[in-house]
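# Structural overview for review
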Amino acid sequence: MRLARVIVVVVLAALASVYVVAGAPIALAVFGVQVLYLLTLRKWWLLAAQAVLVYTASVAGGVSTGILGFLAGSLLLTRAHRHTARVLAPLVVASAALIDAARGGATADATITVVLVSLVVFGLTRLVERAGEMHAARLSLAAAAVAAERLRLAAELNDGLGRSLEVIVEGGRRALAEPDGAAEVLASVTATARAALTDARAASANYRATSLAPELVTARAMLDAAGIAVEVRGGHTEPLGPGGALLASVLREAVTDVVRRGTARLCVIETSEQGDEQGDRVRLRVVDDGHRTAEGPDFDGLRLEEAGGTLTTGLSPSGRFVVEATLPRGPSVEAAPGETGSGDARASEPPADRRRRRPLPRLANEASYAVSVTVLAAVLVGFSVKALLQLSGALVIPAAACLAVIVVMQLRSVNGRHMAALTVMAVLTYAPIPLFGPVWLGAAGFLAGPVLLAFPWRVAWPMAAAIVASVAGAGMLFGLPAPVLANSTVSALVTGLVVYALLRLAQIVKELQAARESLARSAIVEERLRAARDLHDLLGHSLAAILLTCELARRLKCPQERIEEIVAMAEGARADLRSVSGEQRELSLAAEVESARTVLSAAGIRVTVEPVEPNLPAEVETVLGTVLREAVTNVLRHSEARHCAITMRADESGLRLRVRNDGVSAGKTRRGSSGIGNLTTRLAALDGRLTSHVDGDRFTLDACVPHRAPVPA
């Protein structure tokens with residue numbers, strides 16, 4: 001936004017300099033008042049001061065009536081008494097025509113000049129204001145997109161998992177009320193709990209599938225914990241679509257292999273996007289220096305080829321092991337401004353090289369972008385008409401044709417750097433000069449603006465200076481008087497700055513629009529990832545505990561106590577479901593420890609617990625409680641544990657939660673686990689770390705969170 005304001009001030013200064021060069025230093029005062037009015041104070045007395053200055057300069061000082069355009073532009077921008085101000089603006093233009101007619105000058109040229117100056121003042125200022133409004137509204141747009149996504153998630157989850165939890169609660173209560181039929185009811189409740197757990201895991205995987213970001217975080221944490229230097233170079237935009245899950249699996253297997261070998265010193269993870277004749281594709285590349293042979297990790301079962309992707313592994317000429325996977329970019333989550341439907345609307349965009357090239361920029365729905373292009377077109381046409389008024393009848397048609405092509409090329413510059421358009425403009429700027437004479441020197445300003453936009457500043461400014469110098473050189477060859485030569489040279493510079501400013505501000509508005517939509521899409525992705533984490537870590541644990549308790553209750557002769565636990569856990573799972581849908585929920589670490597003790601004991605696992613640290617911040621308790629839930633779920637699902645120890649200690653590095661269990665099968669690995677990645681992401685938000693290791697048949701999970709609580713004696 002600062003750049004946009006600087007551009008406006010520079011252009012206004014350039015416009016004022018035209019009148020200063022013409023011998024009217026009062027234009028400096030007009031410029032100062034104009035900047036104050038446009039950028040800081042919109043007060044009526046400043047408008048009155050500007051009116052006094054411009055009419056004094058024009059009527060009493062004999063300055064060109066074009067200076068009245070500053071006042072007309074300010075009136076167009078006035079918000080107080082808007083209708084009156086917009087009636088006065090045309091009157092200012094009319095007064096300029098009358099003043100010039102009284103002097104015996106070219107009334108049409110003077111009127112066009114006033115209109116052009118007012119359009120430049122109005123257009124530049126409104127573009128800066130619109131850009132500021134769009135920048136300020138970016139967060140509210142993202143919040144609205146997240147709110148819509150939460151509503152969609154809530155409706156989707158309540159229809160499935162919410163209904164299953166209601167069935168479990170009602171079944172538990174019916175089993176308590178009718179003990180004789182408890183066995184049959186428990187069988188039904190158990191089947192419902194098993195199906196709900198499967199649905200929760202599937203939904204978690206689905207929400208997570210469109211993003212590679214969590215796996216990148218997990219990979220960095222795993223490599224750091226193993227003492228391997230890691231570089232992550234993310235060059236893709238999210239969401240990725242269904243291919244994100246496959247790329248995440250490739251990354252997980254590749255990094256796991258690097259850690260397992262333990263010989264690497266450096267691992268580089270790189271993502272990028274590229275387009276080819278088959279469409280847009282996402283590439284994942286993992287490079288490490290720890291392999292001595294071409295033997296790599298096992299990727300059997302991933303089936304990238306069926307998804308239209310490729311997977312290659314092997315040693316590079318430099319001796320580094322490379323895993324490279326590419327997949328077509330899937331449809332992405334759209335978050336169009338003002339969209340009120342599903343937050344998961346999907347649409348695919350054709351590849352960049354397949355898109356139909358447009359001779360003119362496509363006007364977006366945003367009024368600000370339409371305003372920017374409209375003002376630019378009006379100013380270009382106005383400058384062109386001023387040039388045509390100075391030509392004789394026989395030359396008007398070819399000159400108009402040349403200027404029309406230049407205007408079209410200028411408008412194309414809004415969409416980016418077009419060297420072909422610059423080449424055409426350069427030819428039409430210099431080739432017609434012998435035919436049209438000194439009048440055509442003003443066309444150089446049309447070329448200077450896009451040049452400033454197309455190249456880096458260290459190249460663009462010398463090129464623009466050379467263009468302006470060519471105007472001065474050509475004017476000298478035509479033998480123009482010194483005042484006319486100075487005016488032509490300065491006018492070319494000012495025209496170039498005006499064109500550059502309008503083009504650049506139009507691009508800024510377009511970039512801000514794209515950034516707002518990208519931010520909204522990113523916010524939706526983050527919300528889906530949060531829902532995936534909560535489904536897996538919170539609701540998944542609750543449903544697993546319910547299922548375990550149901551199976552245990554079916555084996556007991558008097559299961560009343562266990563049925564009461566099932567009802568209580570199902571009620572708690574409802575709260576977890578609300579949390580998944582976006583409702584903030586804080587966990588009590590002490591309550592989670594007791595829940596873990598109950599669930600593990602019910603499974604026949606001996607539990608030892610060291611005292612929980614009291615008076616922890618709520619966010620620390622919530623994260624550590626979530627870590628404990630995931631650890632307990634893994635003990636139940638992936639081990640044949642007989643003993644589990646839960647300990648918590650505080651030291652200089654922070655608060656450490658450790659869960660250690662036995663009964664782990666040697667060499668047993670799992671593909672597709674997202675729990676460690678979820679926990680790593682949660683802990684990273686608090687600058688914490690998660691580590692895990694296997695020692696024989698014992699598995700240890702350590703979570704450390706920085707905490708400034710006093711260390712116990």
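Since we're looking at a predicted model, the values are computed, not measured. Sequence order sets the numbering: in each chain, residues are counted from 1 along the sequence as written. Confidence filtering applies because this is a predicted model: local features only for residues at pLDDT of at least 70, side-chain atom pairs given and counted only at 80 or more, and all residues used for totals across whole chains, interfaces and linings. Water and hydrogen atoms play no part in the side-chain values, which are based on all heavy atoms of the structure.

## Regarding the overall build of the protein chain
We apply this condition: Numbering goes from the N terminus for both helices and strands, where a helix is a DSSP run of H or I of at least four residues and a strand is a run of E of at least two. The cut-offs for exposure are 20% and 50% of the maximum accessible area for each residue type, with area from a 1.4 Å probe on protein chains only; residues under the lower value are buried, those over the upper are exposed, and the others partly exposed. Contacts are assigned to residue pairs that have any heavy atoms within 4.5 Å of one another. All accessibility values rest on the Shrake-Rupley procedure with a 1.4 Å probe; residue burial counts only the protein chains present in the view.
Counting its regular elements, the protein chain contains 21 helices and twelve strands. Sorting the 713 residues of the protein chain into buried and exposed places 50% on the buried side. Sequence-distant contacts, at least 24 apart, represent 73% of the contacts inside the protein chain between residues at least 6 apart. When the accessible surface of the protein chain is summed, it comes to about 32700 Å², and 58% of that surface belongs to carbon and sulfur atoms.

## As for the sheet that holds strand E9 (residues 643-651)
For the record, the criterion: Strand pairing is assigned whenever DSSP detects at least two bridges linking the two strands. Angles run from 0 to 180 degrees between N-to-C directions of axes, and those axes are lines fitted to C-alpha atoms, restricted for helices to the stretch in contact.
Spatial ordering of the open sheet is given by E8-E9-E10-E12-E11, a layout of five strands whose pairing is mixed. Since the sheet does not close on itself, it has two edges, and those belong to strand E8 (606-609) and strand E11 (689-695), each with one partner. Neighbour-to-neighbour, the strand axes of the sheet open up by a mean angle of 15°, direction not taken into account. Inspection of the sheet shows strand E10 (residues 654-661) paired to strand E12 (residues 698-705) by seven bridges, in the antiparallel sense. Opposite Leu-657, over in E12, you have Ala-703 as the bridge partner.

## Re the packing of aromatic side chains
Which entries qualify depends on this criterion: Think of it this way: a Phe, Tyr or Trp ring, Trp meaning its six-membered ring, pairs with another when their centres are within 6.5 Å, and the plane angle makes it stacked under 30 degrees, edge-to-face over 60, tilted otherwise.
Tallied over the entire structure, the rule returns three aromatic pairs. Between Phe-436 and Trp-440, the ring centres sit 4.7 Å apart and the planes meet at 40°, which makes this aromatic pair tilted. Assessed through its relative accessible area of 6%, Phe-436 is described here as buried. A relative accessible area of 1% places Trp-440 in the buried class.

## Overview of the nonpolar core
Put simply, the test is: Joining through side-chain atoms within 4.5 Å is the link that ties buried Ala, Val, Leu, Ile, Met, Phe, Trp, Tyr and Cys residues into a set, and such a set is a nonpolar core.
Counting 98 residues, the largest nonpolar core has Tyr-19, Ile-67, Phe-70 and Trp-440 as the members making the most contacts within it. Ignoring any residue separated from it by four or fewer positions in sequence, one finds Tyr-19 in contact with Ala-24, Ala-27, Val-63, Ser-64, Gly-66, Ile-67, Phe-70, Thr-113 and Val-117. The next biggest cluster of nonpolar side chains, apart from the first, holds 66 residues, and it includes Ala-193, Ile-546, Val-567 and Leu-600.

## Concerning a nonpolar patch on the surface
Note the threshold: Patch membership requires over 30% relative accessible area and the absence of a salt bridge. Like charges are linked within 9 Å, and nonpolar side chains (Val, Leu, Ile, Met, Phe, Trp, Tyr) within 5 Å. Every case where a carboxyl oxygen of Asp or Glu lies within 4 Å of a side-chain nitrogen of Lys or Arg is listed as a salt bridge.
Taken together, the side chains of Leu-3, Trp-457 and Trp-461 make up a nonpolar region of the molecular surface, amounting to roughly 320 Å² of accessible area. Looking at where Leu-3 falls in the secondary structure, it is placed in helix H1 (residues 2-21).

## Quick look at unusual backbone geometry
Even without being glycine, Asp-687 reaches a positive phi, approximately 60°. Structurally, Asp-687 can be placed in the loop between helix H21 (675-684) and E11. The exposure class of Asp-687 is exposed, given its relative accessible area of 64%.

## Looking at the pairing of E12
Within E12, six of the eight residues are buried, which leaves it mostly tucked inside the rest of the structure. Taken together, the seven bridges between E11 and E12 define a ladder with antiparallel strand orientation. Bridge pairing in E12 places Asp-695 opposite Arg-698. In this structure, the hairpin formed by E11 and E12 is closed by a connection of two residues, where Gly-696 is found at a positive phi of approximately 70°.

## Points about the packing of helix H19 (residues 589-602) against helix H20 (residues 618-638)
How we decide: An angle below 35 degrees is read as roughly parallel, one above 145 as roughly antiparallel, one from 65 to 115 as roughly perpendicular, and any other as oblique.
H20 packs onto H19 with a crossing angle of 10° between their chain directions and a minimal axis gap of 9 Å. The angle between H19 and H20 falls in the class roughly parallel. Contact with H19, carried on its side by Leu-589, Ala-590, Glu-592, Val-593, Ala-596, Val-599 and Leu-600, involves Glu-621, Leu-624, Gly-625, Leu-628, Arg-629, Val-632, Val-635 and Leu-636 of H20 and no other residues of that element.

## With respect to the packing of helix H3 (residues 44-60) against helix H4 (residues 68-77)
The relative placement of two packed helices comes down to the angle between their axes together with the axis-to-axis distance. The cut-off we apply is this: In this scheme the crossing of two helices becomes right-handed for a clockwise turn of the near helix relative to the far one and left-handed for an anticlockwise turn of less than a right angle. Under the grouping applied here, Gly and all other residues not named as nonpolar or charged are polar, the nonpolar ones being Ala, Val, Leu, Ile, Met, Phe, Trp, Tyr, Cys and Pro and the charged ones Asp, Glu, Lys and Arg.
It is at 8 Å that the axes of H3 and H4 come closest, and there the two elements cross at 155°. In this view, H3 runs roughly antiparallel relative to H4, as classed from their interaxial angle. Both H3 and H4 take part in a crossing whose hand is left-handed. For the pair H3 and H4, the contacting residues are Leu-47, Gln-50, Ala-51, Val-54, Tyr-55 and Ser-58 in the first and Leu-68, Phe-70, Leu-71, Ser-74 and Leu-75 in the second. The residue inventory of the contact of H3 with H4, partitioned by class, reads eight nonpolar, three polar and no charged.

## Quick notes on the environment of Ile-112
Structurally, Ile-112 can be placed in helix H6 (residues 107-136). Measuring from C-alpha to C-alpha, the distance between Ile-112 and Val-379 comes to 9.9 Å, with 267 residues separating the pair along the chain.

## Some thoughts on H4
The element H4 is extensively covered by neighbouring structure, given that nine of its ten residues are classed as buried. Looking only at H4, the buried set comprises Leu-68, Gly-69, Phe-70, Leu-71, Ala-72, Gly-73, Ser-74, Leu-75 and Leu-77.

## Some points on the pattern of salt bridges
Any two side chains of opposite charge can pair, given that their charged atoms come close. In the structure shown here, the tally under the stated rule is 15 salt bridges. A salt bridge links Glu-571 to Arg-173, with the nearest nitrogen and oxygen atoms 2.8 Å apart. Placement of Glu-571 in helix H18 (residues 560-580) and of Arg-173 in helix H7 (residues 138-177) is noted, with a sequence separation of 398 residues between them. Here Arg-173 falls in the partly exposed class, since its relative accessible area comes to 47%.

## Describing the environment of Cys-558
Here Cys-558 is to be found in the loop between helix H17 (482-555) and H18. The exposed category is assigned to Cys-558, whose relative accessible area is 70%.

## Re the environment of Gly-540
Tracing the backbone shows Gly-540 in helix H17. A relative accessible area of 6% means that Gly-540 is categorised as buried. In sequence terms Gly-540 and Arg-201 are 339 residues apart; their C-alpha atoms lie 6.9 Å from each other. Setting aside chain neighbours within four positions, we find Gly-540 in contact with Leu-197 and Leu-535.

## Quick look at helix H15 (residues 443-454)
As a reminder of what qualifies: Residue count minus one, scaled by 1.5 Å, sets the expected span of a helix.
In this model, H15 (twelve residues) spans 18 Å end to end at C-alpha, consistent with the 16 Å of a helix rising 1.5 Å per residue. Counting buried positions along H15 yields twelve of twelve residues, so the element is predominantly enclosed. What H15 keeps buried is the set Ala-443, Ala-444, Gly-445, Phe-446, Leu-447, Ala-448, Gly-449, Pro-450, Val-451, Leu-452, Leu-453 and Ala-454.

## Side note on the confidence of the model for the protein chain
Low pLDDT marks stretches whose predicted atomic positions should not be read closely. Note the threshold: The predictor attaches a confidence to each residue, called pLDDT, with possible values from 0 through 100.
Per-residue pLDDT for the protein chain averages 78, and the proportion of residues at 70 or more is 82%. Note on residues 332-365: pLDDT is under 50 here. Beyond four places in sequence and across chains, it has 65 contacts. Low pLDDT (under 50) marks residues 709-713, which in the prediction has six contacts with non-local residues, meaning those over four places away or in another chain.

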